[in-house]
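Reading the structure
One-letter residues, chain by chain:
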Amino acid sequence: MTQNAPNLPAPDTRLHTSVAIIGAGPAGLLLAHLLARRGIDAVVIERQSREHISRRIRAGVLEQTSVEVLREVGLGDRLDRQGLQHRGIHLQFNGARHRVSFDDAVGRSVWIYGQHEVVADLLASHDKLGTRIVYNVQNVAVHNVDSNAPFVRFERRRSPDLRVGPVERVELRAQIVVGADGFHGAARQAIPGIETFGHEYPYAWLGVLANVAPSTDELIYSLHERGFAMHSMRSPEVSRLYLQVDPGDSVDAWPDERIWEELDTRLALPGWTLGRGEITDKAITPMRAFAVSTMHHGRLVLAGDAAHIVPPAGAKGLNLAIADVWRLDGALARWFDTGDRAHLAQYSTDALERVWQVQYFSNWMTRMLHRDFGTESGVPDEYRSGFEYRMQLGQLQHLVDTPAAIAQLAGFYTGLPLQDPAPAQ
Ligand code: FAS
Ligand code: PHB
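A brief look at the structure comes next. Just so we're clear, the structure is a prediction, and the values are computed from it rather than from any experiment.

1. What about the overall build of the chain?
Across its full length, the chain holds 11 helices and 22 strands. Radius of gyration (C-alpha) of the chain: 22 Å, near the 22 Å computed for a compact globule of 425 residues. Taking the principal axes of its C-alpha atoms as reference, the chain extends roughly 70 × 50 × 50 Å. Within the chain, buried positions represent 56% of all 425 residues.

Encoded structure:
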């Protein structure tokens, strides 16, 4: 991904900008939007096509902190019209469903508004702003991050069929390079000596999208002895549902009937029925946590999943990306407007302080709500996992009975406050 400006072949095309952003996911697109509002030029380069990034189904929950940011920067109109405000969630265990009220506990909410909707709003904004977004790039490499003239090299094909035709070598010169290229991106490798820390959970999520009205008013997180299940939604007509499965499980082993049967079992409640409909999307996502030791080196900065991944039980991945970008935008604005380098130097420390608190919350939600059947021997160990399960039930019962515990969950779930970054002393 990175070289220190060896004698590279001359590029076919040279582009110039103030901020080169690698990745047109929520982090990259939102940063370009925020910078454009300040008159700071950015170019976004993206490995996939516009169609591909537009149809990716991922996160569904926006914490109130994120909603306030999006409204503040002119991205709240459709969200306020179509987003579903939720003032609490349901926790289900031991055959009972308990409502956890965010409103009563902390007076805040979350909004159900799919990540693909946020991306659609961002792309519509960039169409109006005329932002330069280069899709279908290949072989991206970051150079000279330790100099004051970093640049990104990449290739693109001009032909409509991206697999054939001449390759154009492009050099994008910038003052700052931002790696917003997600977990599988490679920008972070351009940071010498960067360390990564992480954890692979012994389970995964089978996520399904179904054309059926949600059978609940608010999200249901359920711990059943067979494993975790969740009932979420995308709109009054579309349900989003999840099942805990084994990490090595395959979607092929989960025909629709089996999915509905298992959801019925894990979400069962006397007097309640789960509506069924056409499943339009199903995918298995591994469950991992990961974060880097630093999000900044020289003229390279990281934001979003490029720097951290949280397990989705806390509904934080997208929200953390928004918080990173809000903070990075403020630091870059000061850097470009006044030459103040203190805020950019402080960005990584401040962003990671939030990341590790959210890692803690996401891990806590994950371990509380998933069954760990795993054993080193591979032989089911009811002695150990049965003990763990009964302790989780005790934890959940204490949680729903204890206002202070509910307040902590509600505070995290609806979003930690975004403090204005204090410049480094
Ligand atoms: P993204 O991964 O969204 O975007 C990175 C972009 O960079 C991509 O478009 C990629 O194509 C591009 N890219 C990568 N390498 C590149 C290169 N070398 N050159 C150019 N471009 C490159 N979060 C939740 O809160 N709730 C959920 O339910 C949830 N479900 C998820 C399901 C899946 C399958 C995944 C992968 C993530 C899920 N997440 C969820 C987390 C997700 O929402 C992320 O937090 C969010 O997409 C972060 O946005 P970005 O940081 O922009 O990263
Ligand atoms: C979703 O609706 O996709 C969703 C909701 C809550 C989570 C994770 C995913 O914790």
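That was the structure; now back to the text.
2. Quick notes on the layout of surface pockets
Each pocket or cavity is described by its volume, and for the second largest pocket that value is around 240 Å³. In this structure, the second largest pocket is lined by 14 residues; those nearest its centre are Gly74, Leu75, Asp121, Ala124 and Lys128. In the lining of the second largest pocket, the residues fall into 5 nonpolar, 4 polar and 5 charged.

3. Section: the site of ligand 2
The environment of ligand 2 is formed by 15 residues, the closest being Tyr221, Ser232, Arg234, Tyr242 and Pro312. Tyr242 is positioned with one of its side-chain polar atoms (N or O) 2.6 Å from an oxygen atom of ligand 2. Alone, ligand 2 offers 280 Å² of accessible surface; in the complex the protein occludes 97% of this. Elements with a minimum of two residues in the shell around ligand 2: strand S17 (227–235) and strand S18 (238–245). At 3 residues, the largest contribution of residues to the shell around ligand 2 is made by S17. Residues of the shell around ligand 2, tallied by class, amount to 10 nonpolar, 2 polar and 3 charged.

4. Points about the environment of Ala410
Within the secondary structure layout, Ala410 lies in helix H11 (residues 403–413). Residue Ala410 is classed as buried on the basis of its relative accessible area, which comes to 0%. For the pair formed by Ala410 and Gly165, sequence separation is 245 residues and the distance between their alpha carbons is 54 Å. The contacts of Ala410, once residues within four sequence positions are left out, are Phe102, Ala105 and Val106.

The rules behind these values
The numbering scheme is per chain: residues are counted from 1 as the chain's sequence reads. To read the labels, note that chains go from A and ligands from 1, taken in the order they are written. Only residues with pLDDT of at least 70 get local features here, since the model is predicted, and only at 80 or more are side-chain atom pairs given and counted; chain-wide, interface and lining totals rely on the full set of residues. Note: side-chain values were computed over all heavy atoms of the structure, leaving out hydrogens and water. The way it works is that DSSP assigns letters per residue, a run of H or I at least four long becomes a helix, a run of E at least two long becomes a strand, and they are numbered from the N terminus. For a compact globule the rule gives 2.2 Å times the number of residues to the power 0.38, and the radius of gyration it is set against comes from C-alpha atoms. We call a residue buried when its accessible area falls under 20% of the maximum for its residue type, exposed when it is over 50%, and partly exposed in between, using a 1.4 Å probe and counting protein chains only. Definitions used for this entry: grid spacing 1 Å over protein atoms alone; cavity, a set of points where a 1.4 Å probe fits but cannot get out; pocket, an open set with protein on both sides within 12 Å along at least 5 of 7 lines; lining residue, one with an atom within 4 Å of a point. Grid points are joined across faces, edges and corners, and a volume is the space filled by probe spheres set on the points. Any residue that is not Ala, Val, Leu, Ile, Met, Phe, Trp, Tyr, Cys, Pro, Asp, Glu, Lys or Arg is counted as polar, Gly included; the first ten are nonpolar and the last four charged. Put simply, a residue is near a molecule or strand once any heavy atom of it comes within 4 Å of that molecule or strand. For the purposes of these results, a polar contact is taken to be a pair of N or O atoms within 3.5 Å, where, inside protein, one atom must be able to donate a hydrogen and its partner to accept one; residues adjacent in sequence count only when each atom of the pair is a side-chain atom. To be clear on the numbers: accessible area is Shrake-Rupley with a 1.4 Å probe, and residue cover counts the displayed protein chains and nothing else. The criterion used for residue contact is that any of the two residues' heavy atoms lie within 4.5 Å.

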